[in-house]
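Here is what each chain is made of, one letter per residue.
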Amino acid sequence: MGNTVFEQENDMQKYRENGNFRQKVRTIYQFIQDNLYLNRPDMRVGEEPFNSALLFSLLTALNRGKELIIGEPGLGKTTSAEYVSAMTYRLPLGLIWASEVSGHPEQTEEKIIGRPDLGRLNQGEEVVVWSYLAQLPVKIVDEINRLPETKQSMILDGIDRGNWEYLNDVIINDEYCLFATANYQDRGTNTLIAPLIDRFDVIVESRHPGPDMALMIGMKDRHENVLRSPEYERSFQEILAQRRDHHEKMHLIEDLSTRFGDHMKKEHRIEMLSKDERQEIRACTQELPLDLDANAFLRTVIAELSFCYKYGQKRSDDQCDEGCHYTGFLCHHMKNCISNRFPTSVRTYAQSLAWLLGDEAVGIDHMKAVLPYILAHRVQWKDDVISQKQTSTRRDPLQIFMAKEMVTEVYRRYNEQSHQIKNALAVAYQSASGKDLEPIEGDHPIYLEIKRDLEEVR
Amino acid sequence: MINPFEDFKNYPYKKKEIPLDRIVQAKEKVIGEIVEGYLKLVEEEVKDLVWMVEHSRLIKAYSSAVRTIQKIDYDTDDIEELCIELDKGDKIPYLISGPAGIYLSALLNNAKEDTIQLGLYEFKRAFHFLGYRLPQGKTLLLKGNAGDFIGAGLSGGRLVVEGSTGNWAGAGMMDGELSISGNTGQNTGAWMSGGQINVEGHILGIGKTIHGGRIYHRGNLIRPYEASTR
């Protein structure tokens, strides 16, 4: 039965709005690229060139993600995140700056999350004064790897779930995204603990833009920025400083944000995104299905990153056997097992990218584009694999370079047997539904994983 | 229980296929057709559960068997498989010696191969009528003892028996060669009109009526008398 006229009109309306939102987001990307964060494109999706740091920051802001931005000092790691955050969350740049937390050894929970209201404490009341970082939907942690490892644990829960606890009080962010920057290893940096690093959806490098663009950046006035508005910044800070319920404050912030957005549109012709628009974009994004190839390819990648023939699954403390049949697969080259956060990150970012490009479903190209940035920080390579690759000619930092190579390699394997893998999954569906069918066999961990699943399901 | 493969519900799938399975399946199909043909012949021929060896009946049964097997794509392995089935009796509920032999001969005479070897050592039953109307250009080698009417109506082919035969070996043969390394029974070469029979073992009896052809015993011509005494 066809749609009713009402439903068709609704669909059309949705389509128009969706198209408008997409155009708006692309305008934001273009505006930042042309005016605020000058950089070279360093990746392609289909035929379209993008700058990975800017693209993934935008997708992170849109889909409530968590991004780790690495790079040399002074190459715009924090700046790119600030611009994207300001424009997608309709907040003045000065407020974003005020909410940022810097990682350093002396950093405390009181600066990052909240502190007791000393005046009220003197009166015997335990009231928490929450930090801007905890309250605002945009969170930027600068130089996160300068936080000692013990202090990194403090922000785990906040980063993961948006739960911020202090004393006996808690606030939960219903919408938030997080950007953290990290310099390359030097004497002042610490290693990011594995549970923290796994919570980041993506890693990108903010690169040197090349001498010509660097000169253009150098010619700009450092103190003038169109996204700043001292007047609005003060108003926002006044709301955040109020002793009110968190949700009430967020409503006030959204109202003020609407006025700020109108002001930016009127004064500077800059369009930013409202909360409703962000929600609508997320809803549309989440509706995008993965086509069967993207689906099967992702399963193939996960199989290689989690499989162990001998010990049942990858474990950081298990050593691979010499002469294992699966030495040609990724499982043999890495130490750890990929986490369950990985497929969530892949799906979310691939859907966002497909939406941004106006595609109706997530395909292999979207997967191939996002996977290296989602894998690079999550895979712990074996030392011999790193030593083989670290002197290779490349344009990316080693971990992203290795992740790109890894994705190319798995894709090649998938492409060689995509029909067989899809057939194996289809047969597995029938078998798990009760049909008497033998699982399809093949030379890839995914076939054994399917068999293991069927042993459980049957 | 969650089906983790739900996304592939509508993907057109192909079952797992092992090449050997396919071969076995094809073989089973062919042997099924052959057995079906035999049962059809038996049904036509043995309406009153008695089958008499009469010339016209033989011709009718053979013609019927040839018609039945025309559409079957078989080889000598399938013929051997039928012999095993006839001997075991698992797939075939009743073995009537005459029609079984006629049917086997129709299969042998119409096989793609020119030279066919059939091992009879391991069978408990004796197969009759093997080599019936074996045509010119065909060679049939029977390894082991065979039953009655071996090489009956031989029509130009070469039939070699590495073993003994029962009665009526080479009966009514018209042309070709029947060589038997063992013994033969009664009425060897009865009604033969052409061709040659060679017997290395003992001959229990020669057919009373012989219209033509020659019978040799251990290299010596014993029929026709005229030629042998000349």
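Coordinates for the structure precede this section.
Small disclaimer: the values here were computed from a predicted structure and weren't measured.

J.: Looking at this model, I keep getting lost on helix H12 (residues 230-241) of chain A. Mind explaining?
T.: Side chains of residues three or four places apart in an α-helix project in the same direction, reflecting 3.6 residues per turn. Residues and elements named next belong to chain A. Here H12 is 12 residues long and its end C-alpha atoms lie 16 Å apart, about the 16 Å a rise of 1.5 Å per residue gives. Along H12, the residues that are buried comprise Tyr232, Glu233, Phe236, Ile239 and Leu240. Buried residues of H12, viewed axially, fall in a sector of 125°; they line one side. Relative to its buried face, H12 has exposed residues pointing more than 90 degrees away, namely Glu231, Arg234 and Glu238. Turning to H12, the residues buried within the fold contact helix H4 (93-99), helix H7 (132-135) and helix H13 (246-268).

J.: Looking at this model, I keep getting lost on the packing of helix H15 (residues 292-306) of chain A against helix H16 (residues 341-356) of chain A. Mind explaining?
T.: Helix packing for two helices is described by the angle between their axes and how far apart those axes are. Residues and elements named next belong to chain A. Contact pair H15 / H16: the axes reach a minimum separation of 11 Å and the direction vectors enclose 155°. Classified by the angle between their axes, H15 and H16 sit roughly antiparallel to one another. H15 and H16 meet at a crossing whose hand is right-handed. Between H15 and H16, the contacting residues are Leu298, Val301, Ile302 and Leu305 on the first element and Phe342, Pro343 and Val346 on the second. Class assignment for the residues of the contact of H15 with H16 results in 7 nonpolar, no polar and no charged.

J.: What is the right way to look at unusual backbone geometry in this model?
T.: Leave glycine aside and you will find that most residues have negative phi; peptide bonds, for their part, are mostly trans. All names here are of chain B. The omega torsion of the bond from Arg223 to Pro224 falls at -5°, within 30 degrees of zero and hence cis. Note on placement: Pro224 falls in the loop between strand S7 (220-223) and helix H5 (225-229). Phi is positive for Trp168, close to 60°, though the residue is something other than glycine. Its location among the elements puts Trp168 in the loop between strand S3 (155-162) and strand S4 (175-180). Trp168 sits in the partly exposed class, given a relative accessible area of 23%. Even without being glycine, Asn187 reaches a positive phi, approximately 55°.

Procedures and definitions
- Residues numbered from 1 in each chain as written.
- Chains lettered and ligands numbered in written order.
- Predicted model: local features only at pLDDT ≥ 70, side-chain atom pairs only at ≥ 80, totals over all residues.
- Heavy atoms only, no water.
- Helix = DSSP H or I, 4+ residues; strand = E, 2+ residues; numbered from the N terminus.
- Expected span 1.5 Å × (residues − 1).
- Buried < 20%, exposed > 50% of the residue type's maximum accessible area, 1.4 Å probe, protein only.
- Arc of directions from axis to C-beta.
- Contact = heavy atoms within 4.5 Å.
- Axes fitted to C-alpha atoms, helices over the stretch in contact; angles between N-to-C directions.
- Parallel < 35°, antiparallel > 145°, perpendicular 65-115°, else oblique.
- Left-handed = near helix turned anticlockwise from the far one by under 90°.
- Nonpolar A, V, L, I, M, F, W, Y, C, P; charged D, E, K, R; others polar.

Geometric values such as these leave the question of function open.
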